[in-house]
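Secondary and tertiary structure notes
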Amino acid sequence: MIYFDNSATTKVHPEVLTTYTKVSEAIWGNPSSLHKMGENAYNLLEQSRAQIAELLGCQKEEIFFTSGGTEGDNWAIKGTALEKGIYGKHLITTQVEHPAVLNSMKQLEKLGFEVTYLPVDENGRVSVEELKQALRKDTILVSVMAVNNEVGTIQPIKEIAQVLADHPKVHFHVDAVQAVGKGLTDLIMDERVDLVTFSGHKFHAPRGVGFLYKKSGRKLAPLLSGGGQEKNLRSSTENLPAIAAMAKALRLLLENETKNVAHEQAIRQKIFEHLQAFDKVTLFSQLDDKFAPHILCFAIAGVRGETIVHAFEDQGVFISTTSACSSKKGQVSSTLHAMQVDDKIATSGVRVSLDENNTLSEADKFNQIFDDIYQKFLKINS
Ligand SMILES: Cc1ncc(COP(=O)(O)O)c(C=O)c1O
């Protein structure tokens, strides 16, 4: 079996699973309880927060635990709108964001907010100049992802940060769900970035846990009101086993980050260089450093993405159509659409997404299987 669908989700690391089980068995008190069991749980919660903050180079008070990427995006966007809606009703994002961002924006439009959806170029990259032009007196938020989940484009976060240095009141949100462990910490934790979304299951932690970085001093209204956990900003009893497991997963991932990034790049290059020799293949991701090391999106003209996915699956290789969210809906990839890719080609788009456990020999095997599949499709289409 070859698992090349790590942008959809990753396998929980065995040591991370051990932490999850141990905490569930031994430290199962509620961190808000006044007794010893509560105190132990609280201490572990705060240790996990401190560990994550240290790994990312921020303050522990700036980390807020959530249920994952979708919640983090919803909170950053709607929380800003709730908090700052009295000062302005304009938000800026891009056409290639994850649905957690795009659908949050659409919901706000129904409530009277105005949203600018910036276009992208043929590589899926937003123009900093166009972003600058889109800023208005009533802009309260700019939300731009670090790494696109469908083609792997890295957005010019540093350049956007520079533009926003002249607009200190505008919240700058970065969805970093696909960027963790990919050599981009410096980019996502830029001084000017105010809010960053993280999701545990994309880096070998369990599902249903994540965190939001909120720069100290930045105000965000809560979306979950209740018992006042997370400094009154995100109520609900904390998912301590998953939080402790996530802190461990992040440590394990970042320990070998440089080596892992080079390894993923080498695998991606092997596949890229193989695929580019085929007439009917279009590659949407590029090999340069403006693309993340783990994502490769391509199409075989005339064959639907889901047909390609199943042909690989029959050979024990797991890839996906361009995103896990769109795959079952049979929709054209919104990123490829925004990149002005013809709909006919876009419906053929598939994504290979790697992690540090994949190997170069898996890439060789993938390439061999690709050759067979390609020949088969050529015969069918001729
Ligand atoms: C860029 C991006 N943002 C947000 C999400 C949503 O994260 P979660 O599955 O943790 O809700 C994903 C998931 O694929 C993603 O790729």
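Described in the following lines is the structure provided in the data block. (Residues numbered from 1 in each chain as written. Predicted model: local features only at pLDDT ≥ 70, side-chain atom pairs only at ≥ 80, totals over all residues. Heavy atoms only, no water.)

Turning to the overall build of the chain, a few remarks are in order. Regarding its fold elements, the chain presents 14 helices and 13 strands. Its C-alpha atoms give the chain a radius of gyration of 21 Å, within 12% of the compact-globule value 21 Å for 382 residues. C-alpha extents for the chain along the principal axes are approximately 70 × 50 × 35 Å. Within the chain, the fraction of its 382 residues that count as buried is 57%. For the chain, long-range pairs separated by at least 24 residues make up 72% of all intrachain contacts whose partners lie at least 6 apart in sequence. Summed over its atoms, the accessible surface of the chain is roughly 16700 Å², and 51% of this surface lies on carbon and sulfur atoms. (Helix = DSSP H or I, 4+ residues; strand = E, 2+ residues; numbered from the N terminus. Rg over C-alpha atoms; globule rule 2.2 N^0.38 Å. Buried < 20%, exposed > 50% of the residue type's maximum accessible area, 1.4 Å probe, protein only. Contact = heavy atoms within 4.5 Å. Areas by Shrake-Rupley, 256 points an atom, 1.4 Å probe, with all protein chains shown as cover.)

Here we come to the pattern of salt bridges. Under the criterion given, the structure shown has 16 salt bridges. The residue Glu71 makes a salt bridge to Arg234 at a minimum N-O spacing of 2.7 Å. Separated by 163 residues along the polypeptide, Glu71 in helix H3 (residues 69–84) and Arg234 in the loop between strand E8 (210–214) and helix H8 (240–255) bring together distant segments of the chain. Neither residue differs from the other here; Glu71 and Arg234 are each classed as buried. The salt bridge partner of Arg304 is Glu306, with a shortest N-O separation of 3.1 Å. With relative accessibility at 40%, the residue Arg304 sits in the partly exposed group. We classify Glu306 as partly exposed; its relative accessible area is 29%. Shared partners join several salt bridges into a network, and the residues in it are Glu46, Arg49, Lys60 and Glu230. (Salt bridge = Lys/Arg side-chain N within 4 Å of Asp/Glu carboxyl O.)

Turning our eyes to something else, we now look at the nonpolar core. Within the largest apolar cluster, 71 residues are counted, with the highest numbers of intra-cluster contacts made by Ile52, Val142, Phe172, Ile188, Phe198 and Phe211. Broken down by element, the residue count for this core peaks at 12 residues, all from H8. When residues of this core are sorted by domain, at least three fall in each of domain 1 (2–9 + 256–381) and domain 2 (14–255). Filtering out sequence-adjacent residues up to four positions away, Val142 remains in contact with Ile92, Leu131, Leu135, Ile160, Leu164, Val170, His171, Phe172 and His173. Within the second largest apolar cluster, 29 residues are counted, among which are Ile2, Leu275, Val281 and Leu296. (Core = buried A, V, L, I, M, F, W, Y, C linked by side-chain atoms within 4.5 Å. Domains from an automatic or database assignment.)

When glycine is set aside, most residues are seen to have a negative phi, and most peptide bonds are trans. Located in the positive-phi region is Asn232, a residue other than glycine, with phi close to 70 degrees. Tracing the backbone shows Asn232 in the loop between E8 and H8. A positive phi angle, close to 65 degrees, is found at Gln340, a residue other than glycine. Inspection of the secondary structure assignment puts Gln340 in the loop between helix H12 (334–338) and helix H13 (343–346).

Thr70, Asp175, Gln178, Ser199 and Lys202 are the nearest of the 13 residues found near the ligand. In the environment of the ligand, an oxygen atom lies 2.9 Å from a nitrogen or oxygen atom belonging to the side chain of His201. When the ligand is considered free in solution it has 390 Å² of accessible area, and contact with the protein chains removes 87% of it. By residue class, the composition of the shell around the ligand is 2 nonpolar, 8 polar and 3 charged. (Near = heavy atom within 4 Å. Polar contact = N/O pair within 3.5 Å; in protein donor to acceptor, adjacent residues only side chain to side chain. Nonpolar A, V, L, I, M, F, W, Y, C, P; charged D, E, K, R; others polar.)

Another aspect to go through is the packing of aromatic side chains. Summed over all chains, the structure comprises 8 aromatic pairs. Both rings, one in Phe64 and one in Trp75, keep their centres 6.0 Å apart while their planes meet at 90 degrees; by these two values the pair is edge-to-face. Of the two residues, Phe64 is situated in strand E2 (residues 63–66) and Trp75 in helix H3; the sequence distance between them amounts to 11 residues. On the accessibility criterion, Phe64 (4% relative accessible area) is buried. Take Trp75: its relative accessible area is 2%, and that puts it in the buried class. On the basis of an interplanar angle of 75 degrees and a centroid distance of 4.9 Å, the ring pair of Phe278 and Phe370 is categorised as edge-to-face. Of this pair, Phe278 sits in the loop between helix H9 (257–275) and strand E9 (281–283) while Phe370 sits in helix H14 (residues 360–381), and the two are 92 residues apart along the sequence. Note on accessibility: Phe278 and Phe370 belong to one class, buried. Three or more aromatic residues link up through ring pairs in this structure, and these residues are Phe278, Phe298, Phe370 and Tyr374. Over the face of the ring belonging to Phe113 we find Lys89, whose NZ or CZ atom lies 5.0 Å from the ring centre. The positively charged end of Lys376 is found above the aromatic ring belonging to Phe377, 5.8 Å away from the centroid. (Phe/Tyr/Trp six-rings, centres within 6.5 Å; stacked < 30°, edge-to-face > 60°. Lys NZ or Arg CZ within 6 Å of the ring centre and 35° of its normal.)

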